Amino acid sequence: MTRTILFAVAACLLMSVPSAVAQGIHSSPRPPAQTGTPPGESATPDGYAPIPVWLGQTRAPRPTKTAEYSVETVAEGLNGAFSFNFLPDGRMIVAERPGHIRLVGKDGKVSEIEGLPSNLWARGQGLFEVRPDRAFASNRTVYLTYTVLPDGANPEALPRSPGVLLVSRARLSSDDKRIEDLKVLLNAEGTLGRVIQAPDGTLLVTSSIPAGLGINSVDWPQPQALDSDMGKVLRINTDGTIPKDNSFAGRAGVHPEIYALGFRDIQGIAVHPRTGKLWTSEHGPRGGDEINAVEKGKNYGFPVIGYGHEYNGKPINGDKTVQAGMEQPVYFWTPDIAPAGISFYTGKLFPAWQGDLFVAELVGRSLVRLVLNGERVIAEERLLTDLNARIRGVNEGADGALYVLTDGNGGKILRLVPRK
């Protein structure tokens, strides 16, 4: 008994040390590695047009009020950037998926922040989020999500998406050159995920199931399983402990960090500026991309209900879109648009955009503006279509401008301001 306790304590201590971050990282289900030629594109329209539950849940009309804007380049030369967040002084911290953190100065100069764990797994996965704590000005704390290989992984025979999602806390050095004192807070099990701080100070973490061409939803029931973190929104304290008021805390056989369930592949997260509720953007398989307003303890349906098809074109669960006890998306798209980062607009530069939700769009190569009435979409507009660029992220700056991150190598941060 004593030996077991000592081993557990030692393992926990090792997990707080960056050089030993892989210690104690358990594996979770993964599909086998792809063999042969991967299947083709999935986003080709196939005529599938599911019936919405209410008018405006999809294909909303164009808005009556629009705004003229100009586009300025703030920074360029980013490579595989997945997310960006503002620091209190107006600079931006950028997470590049290949495993780099960039700092973008007010002058647009891009520098690198070192100190990421050496075992970060970036082959198809990688670094997803670097989010400053709301008290960053005094504590210089950031939260990160990234993948590492689990203990015992064989590099010569890895499954598909082998990396396991970790959530960590670290401190940015006083000279802005490195992250220090990295501590793993949670093994979230999934293949991809993001983190944001709720108004009460807790951390809301997303964790995706394996997804992509050749992976069938029917084979991945984890979003409905309460003994798995995959396909969930999770909630933890900033020290990694579990809040006592989590919906499933204290139930035997259930992961107490689960906040909400029934998700597939969340890509964007934002906290509503008025209600404090978490909103997410989610990739469906072939169609069925969603915007969700997430509430504690609720089930968002995947793969039992949804508005998409499998990549091979077959229905998922008989094309079921509604079931008692499962929530509807605020909005959905079929065919795919591949929604990425999202952000609410509250600034004064664009009065016509007040209260709207902006959605970065990868496949559609635009920035989507959703006009809201409460939690219902009443209009949809596409911006930046002339750029013909995959849009990865969007955030409002303290100056009231809207900032946009483009995807891929040679990525840019753009600034939208009123046209003069």
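Just above sits the structure.
What this report covers is the structure whose coordinates are included nearby.

Reading the values: rules and limits
Residues numbered from 1 in each chain as written. Predicted model: local features only at pLDDT ≥ 70, side-chain atom pairs only at ≥ 80, totals over all residues. Heavy atoms only, no water. Pairing = 2+ DSSP bridges. Helix = DSSP H or I, 4+ residues; strand = E, 2+ residues; numbered from the N terminus. Axes fitted to C-alpha atoms, helices over the stretch in contact; angles between N-to-C directions. 1 Å grid on protein atoms, 1.4 Å probe; cavity = no way out; pocket = protein on both sides within 12 Å on 5 of 7 lines; lining within 4 Å. Points joined across faces, edges and corners; volume = space filled by probe spheres on them. Nonpolar A, V, L, I, M, F, W, Y, C, P; charged D, E, K, R; others polar. Phe/Tyr/Trp six-rings, centres within 6.5 Å; stacked < 30°, edge-to-face > 60°. Buried < 20%, exposed > 50% of the residue type's maximum accessible area, 1.4 Å probe, protein only. Core = buried A, V, L, I, M, F, W, Y, C linked by side-chain atoms within 4.5 Å. Contact = heavy atoms within 4.5 Å. Polar contact = N/O pair within 3.5 Å; in protein donor to acceptor, adjacent residues only side chain to side chain.

As for the sheet that holds strand E4 (residues 100-104)
For step 1, the next point in the chain: The four strands are arranged E2-E3-E4-E5 in an open sheet whose pairing can be described as antiparallel. On the outer flanks of this sheet lie strand E2 (81-86) and strand E5 (110-113), each paired with one strand and no other. Taking each pair of neighbouring strands and ignoring which way they run, the sheet shows an average axis angle of 25 degrees.
For step 2, the next point in the chain: Sheet topology note: the strand E3 (residues 92-96)/E4 ladder contains five bridges and is antiparallel. Residue pairing for E4: Glu96 is matched across the bridge by His100.

Side note on empty space enclosed by the protein
For step 1, the next point in the chain: Taken as a whole and judged by the stated rule, the model has four cavities of 30 Å³ or more.
For step 2, the next point in the chain: When its volume is computed, the largest cavity comes out at roughly 150 Å³.
For step 3, the next point in the chain: Along the walls of the largest cavity sit 22 residues, with Glu290, Phe302, Ile305, Gly306 and Tyr307 positioned nearest its centre.
For step 4, the next point in the chain: Residue classes in the lining of the largest cavity are distributed as nine nonpolar, eight polar and five charged.

A word on the packing of aromatic side chains
Two aromatic rings, taken as a pair, are described by how far apart their centres are and by the angle between their planes.
For step 1, the next point in the chain: Overall, the coordinates contain 13 aromatic pairs when judged by the stated rule.
For step 2, the next point in the chain: Where Tyr307 meets Phe332, the ring centres are 3.9 Å apart and the plane angle is 15 degrees; that geometry is what we call stacked. Placement of Tyr307 in the loop between strand E17 (289-294) and strand E18 (308-309) and of Phe332 in strand E19 (residues 331-333) is noted, with a sequence separation of 25 residues between them.
For step 3, the next point in the chain: Note on Tyr307: relative accessible area 1%, which makes it buried.
For step 4, the next point in the chain: Under the relative-accessibility criterion, Phe332 is labelled buried at 0%.

Details of unusual backbone geometry
For step 1, the next point in the chain: Looking along the chain, the bond that leaves Phe302 and enters Pro303 is cis, with omega of 0 degrees.
For step 2, the next point in the chain: Structurally, Pro303 is set in the loop between E17 and E18.
For step 3, the next point in the chain: A positive phi angle, close to 75 degrees, is found at Glu189, a residue other than glycine.
For step 4, the next point in the chain: The topology assignment puts Glu189 in the loop between strand E9 (179-187) and strand E10 (195-197).
For step 5, the next point in the chain: Residue class for Glu189 comes out buried when judged on its relative accessible area of 8%.

A look at the nonpolar core
For step 1, the next point in the chain: The biggest cluster of nonpolar side chains holds 23 residues, and the ones touching the most others in it are Ile101, Leu127, Val130, Leu144, Tyr146 and Ile179.
For step 2, the next point in the chain: Elements that contribute at least two residues to this core include exactly E3, E4, strand E6 (127-132), strand E7 (141-148), strand E8 (164-172) and E9.
For step 3, the next point in the chain: Setting aside residues up to four positions removed in sequence, Leu144 forms contacts with Ile101, Leu116, Leu127, Glu129, Val130, Leu166, Val167, Ser168, Ala170 and Ile179.

Let's talk about the side chain of Arg102
For step 1, the next point in the chain: Tracing the backbone shows Arg102 in strand E4.
For step 2, the next point in the chain: Among the polar contacts made by the side chain of Arg102, one reaches the side chain of Glu112 at a distance of 3.0 Å.

So, the pairing of strand E24 (residues 391-396)
For step 1, the next point in the chain: A large share of E24 lies buried, amounting to five of its six residues.
For step 2, the next point in the chain: With five bridges joining them, E24 and strand E25 (residues 402-406) adopt antiparallel strand pairing. Bridged to Asn395 within E25 is Tyr403.

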